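The chain contents come next:
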Amino acid sequence: MQREGKMRRINLYKILAFIISICMVTPHYAISDYIGEYFDGISPDAHIYRYDNKKGSLPSSSIDYENIDSYVHYYNPEVLNYWNDWENNKSSENIYDDYVAAADNLYASAGSSDSDLQAGIANAQGDAMMIQADKNVVDSYVNFLDYYLKEKKLVLATKILDINYHKSEYEVLNAEEEYNEAVRKEESADNALKYGSGTEVEYLTAKKQTIDARSSKVAAESSRKTYMRNLLINCGMAYDADIFIAPFDLEEGLDVSNINLENDYQYALAHNVQYEIYRRKRNNARTTEVQKEYDILIEAAPKNIYNDLETKYSNILDLVETKYNREIAYSLALSNYTKAQNEYSAGNISEKEYMTFETNVRKALYNLAMVKYDFKIAFEEYNASVMGYGNS
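From a predicted model like this one, the values you see are computed outputs, not experimental measurements.

Conventions adopted
- Residues numbered from 1 in each chain as written.
- Predicted model: local features only at pLDDT ≥ 70, side-chain atom pairs only at ≥ 80, totals over all residues.
- Heavy atoms only, no water.
- Phe/Tyr/Trp six-rings, centres within 6.5 Å; stacked < 30°, edge-to-face > 60°.
- Helix = DSSP H or I, 4+ residues; strand = E, 2+ residues; numbered from the N terminus.
- Lys NZ or Arg CZ within 6 Å of the ring centre and 35° of its normal.
- Axes fitted to C-alpha atoms, helices over the stretch in contact; angles between N-to-C directions.
- Parallel < 35°, antiparallel > 145°, perpendicular 65-115°, else oblique.
- Contact = heavy atoms within 4.5 Å.
- Nonpolar A, V, L, I, M, F, W, Y, C, P; charged D, E, K, R; others polar.
- pLDDT = per-residue confidence, 0-100.
- Core = buried A, V, L, I, M, F, W, Y, C linked by side-chain atoms within 4.5 Å.
- Buried < 20%, exposed > 50% of the residue type's maximum accessible area, 1.4 Å probe, protein only.
- Salt bridge = Lys/Arg side-chain N within 4 Å of Asp/Glu carboxyl O.

What follows covers the packing of aromatic side chains. Summed over the entire model, instances satisfying the criterion amount to 15 aromatic pairs. With a centroid separation of 6.2 Å and an interplanar angle of 65 degrees, the aromatic rings of W86 and F144 are classed as edge-to-face. Note that W86 is positioned in helix α4 (residues 77–88) and F144 in helix α7 (residues 140–194), a separation of 58 residues in sequence. These aromatic residues form a ring-pair network of at least three members: Y82, W83, W86, Y141, F144, Y147, Y148 and Y389. Between K217 and the ring centre of Y179, over which it is positioned, the NZ or CZ distance is 6.0 Å.

Printed below as a string of structure tokens:
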């Protein structure tokens, strides 16, 4: 009954998501909507120079998950280049002026030409140059928003690296257990062959499993090193720095019942940075051609923002179901293992049979851990979209 109740709740979440998707009226933001000085209070000074008096030095002992946004903001070389570039080139009006000057020259050439053909070509080239000028009108705040969005996406990528690093540690431990188990089976098959109770085919099969397990172990260790190297680099540290990657609570804040897709969509729509960039670029545009390009992007943005959220929400719901099934599988494996311990102590089952139950528990626990890490990644991706850093 408990399982049926959970399955009904999971299905109810999916039904509600579907109803919302077909019944929600997507708001339309007209081009004439007021665009304030700062988008939702995000000012360059407040962001670029935030907590400047608390900057301090790079962490020397550990990387903490909750501080990743600060590491990326203050120490990531790519982000530092963003803000140095923004300071040095707060606008590109000079580029715009260069294009306009070139267009004016072409228009003047057309006006003084004796050939209608040459005049037409020059006018067309002038029009094209004016469109290029229009596409290069980027005020300093639009530049800021562009870099701000890139930084936020890099923060998300770095958080996912941290999660995957800890996930890969678990994968290494599991691969080592798989390898040790394969070695034991190979030794057992070798002994059986020597004493005539086994076949050469069984021994060779066990030997191949050991080779495969060794390869998986090497691959898992390599993956862990890659995640750690990239995590350190993103946090502005040397790729080979000797530093502890602190663990975190896998369960904290991951309650699917707190998700309200409609409310989250409204918040994401109001805070989506790329959407605001489109609107500001449309507001700056001088030519009809470029205005139409941004009109199309602006019109499509609300639906794209909703689809992005809905896809990530559906992924969370799928993982809820997977996580529940793996929790059941782990509980069952643990129960069987407990019974096997008693049976083995009483001499009712062999050591080989007992080890099979032990292996089943390990595998079930590993599968459960993997989906928990995936679940945390899914929540981070969903929350990033809600905060305005998703697709539009």
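This part is about the packing of α4 against α7. At a closest axis distance of 10 Å, the pairing of α4 and α7 adopts a crossing angle of 175 degrees. As summarised for this structure, α4 and α7 are arranged roughly antiparallel, according to the angle between their axes. Taken together, the residues of α7 that come into contact with α4 (itself represented by E78, V79, Y82, W83, D85 and W86) are S140, N143, F144, Y147, Y148, K150, E151 and L154. A breakdown of the residues in the contact of α4 with α7 according to their chemical character gives eight nonpolar, two polar and four charged.

Moving on: the confidence of the model for the chain. Mean pLDDT for the chain: 84, with 84% of residues reaching 70 or above. Counted against residues more than four places away or in other chains, residues 1–35, with its pLDDT under 50, gives 49 contacts.

So, about the nonpolar core. Counting residues in hydrophobic clusters, the biggest one holds 43 residues, and the most contacted among them are I63, W83, F144, L145, Y148, I245 and V273. Elements with a contribution of two residues or more to this core: α3 (68–75), α4, α7, α8 (200–234), α10 (273–284) and α12 (351–389). In terms of residue count, the dominant contributor to this core is α7 (14 residues). Setting aside residues no more than four positions away along its own chain, W83 makes contact with H47, I48, H73, F144, Y147, Y148 and E151. Ranked by size, the runner-up nonpolar core spans 30 residues in total, among them Y265, V290, V320 and Y382.

We now examine the pattern of salt bridges. For the coordinates displayed, the defined rule picks out 15 salt bridges. A salt bridge links K150 to D146, with the nearest nitrogen and oxygen atoms 3.6 Å apart. Here the residue K150 and the residue D146 both occupy positions in helix α7, the gap between them amounting to four residues, near one helical turn. The class of K150 is partly exposed, set by a relative accessible area of 38%. Taking the relative accessible area as the measure of exposure, D146 reaches 27% and is therefore partly exposed. Here R362 ties to E178 by a salt bridge, and the two come within 3.5 Å at their closest N and O atoms. Placement of the pair is R362 in helix α12 and E178 in helix α7, with a sequence separation of 184 residues. With relative accessibility at 17%, the residue R362 sits in the buried group. Through salt bridges with shared partners, a single network forms among E178, E181, K185 and R362.

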